[in-house]
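# Fold and geometry: a report
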Amino acid sequence: AAPSSNPASNRTLTVPSNADGEILTTTSPKTGSIIQVTNTTTDALQTISASSAWVDSLITCAITPSSTSNKILLSLSVSGEGNSANQRRFTHRIKKVISGGATTYIAGSATSRVGTLGVTGDLTNDATTTASSFSLSNYLDSPSTTSAVTYTLQITYDSAGGSGTYYLNSNASDGSGGPRFVSWITLMEVAG
């Protein structure tokens, strides 16, 4: 059918005369289709000092789903080093904030223990030069909203007492010649 007006963005579609077909749009996407992608990538340095409290990192990204039935496919990678060695480690979770709504967390369920997605830290006892990475691949979330949803990686110090410092995108000493890293988070809206 002809459009109701004639904007400059009109396009012509040619379809075969002997077959039926379907034109998919973002207003009626096929289940499993990727509708939009947002990403935050940073090589900025961040010093995170934590004890039992969770601290927001620079790894944060927002997306606004177009339907409450759609899901968000989340992937991230973070590199850095903590200043405490061996059994004292730094743990991660995702803070999920729905605009105008609730704040929840993506992490393992726990009562008297720390609920976390994973652990990273210096396991070589030098706590100065051996950085490590933490990644989360293809976590499928169901925010059930059409409001903006912000996902932020949080880090805390998982140890019995005391505190520690995590150096995002560098090692703990960050001396001359030491490596620098890049960390990122990617969000993809998937049609439900």
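Quick note: structure is the one above.
Before going into details, it helps to say that this report is about the structure given with it. Residue numbers run consecutively from 1 along every chain, following the written order of its sequence. Per-residue local features are limited, in this predicted model, to residues with pLDDT of at least 70; the limit for side-chain atom pairs, both in listing and counting, is 80 or more; totals at the level of whole chains, interfaces and linings are taken over all residues. Based on all heavy atoms of the structure, the side-chain values leave hydrogens and waters out of the count.

## A few points about the pattern of salt bridges
In the sections that follow, a salt bridge refers to a side-chain nitrogen of Lys or Arg positioned within 4 Å of a carboxyl oxygen of Asp or Glu. Applying the stated rule across the entire model yields 3 salt bridges. For the salt bridge of Asp 56 with Lys 95, the shortest nitrogen-to-oxygen distance reads 2.9 Å. A residue pair is termed long-range when its members are at least 10 positions apart, and Asp 56 in strand E3 (residues 55-63) and Lys 95 in strand E5 (residues 89-98) qualify at 39 residues. For Asp 174, the salt bridge is made with Arg 180, and the minimal N-O distance between the two is 2.9 Å. Strands here mean DSSP runs of E at least two residues long; helices mean DSSP runs of H or I at least four residues long; both are numbered from the N terminus.

## As for the packing of aromatic side chains
Working definition: a ring pair exists when centres of Phe, Tyr or Trp rings (six-membered ring for Trp) sit within 6.5 Å. Plane angles under 30 degrees give stacked, over 60 give edge-to-face, the rest tilted. Considering all chains together, one arrives at 2 aromatic pairs under this definition. Centroid distance Phe 90 to Tyr 157: 5.1 Å. Interplanar angle 55°. Geometry classified as tilted. Here the residue Phe 90 occupies a position in strand E5, and Tyr 157 occupies one in strand E9 (residues 149-158), the gap between them amounting to 67 residues. The same class applies to Phe 90 as to Tyr 157, namely buried. Consider the rings of Phe 90 and Tyr 166, whose centres lie 5.7 Å apart with planes at 50°: the pair is tilted. Of this pair, Phe 90 sits in strand E5 while Tyr 166 sits in strand E10 (residues 164-168), and the two are 76 residues apart along the sequence. Summarising the burial analysis for this pair, Phe 90 and Tyr 166 share the class buried. Following the ring pairs from residue to residue traces out a cluster consisting of Phe 90, Tyr 157 and Tyr 166. Here, a charge over a ring means that NZ of Lys or CZ of Arg falls within 6 Å of the ring centre while also lying within 35 degrees of the ring normal. Lying over the aromatic face of Tyr 105, Arg 93 brings its terminal NZ or CZ to 3.8 Å of the ring centre. Whether a residue is buried, partly exposed or exposed follows from its accessible area with a 1.4 Å probe, protein chains only, as a fraction of its type maximum: under 20%, in between, or over 50%, in that order.

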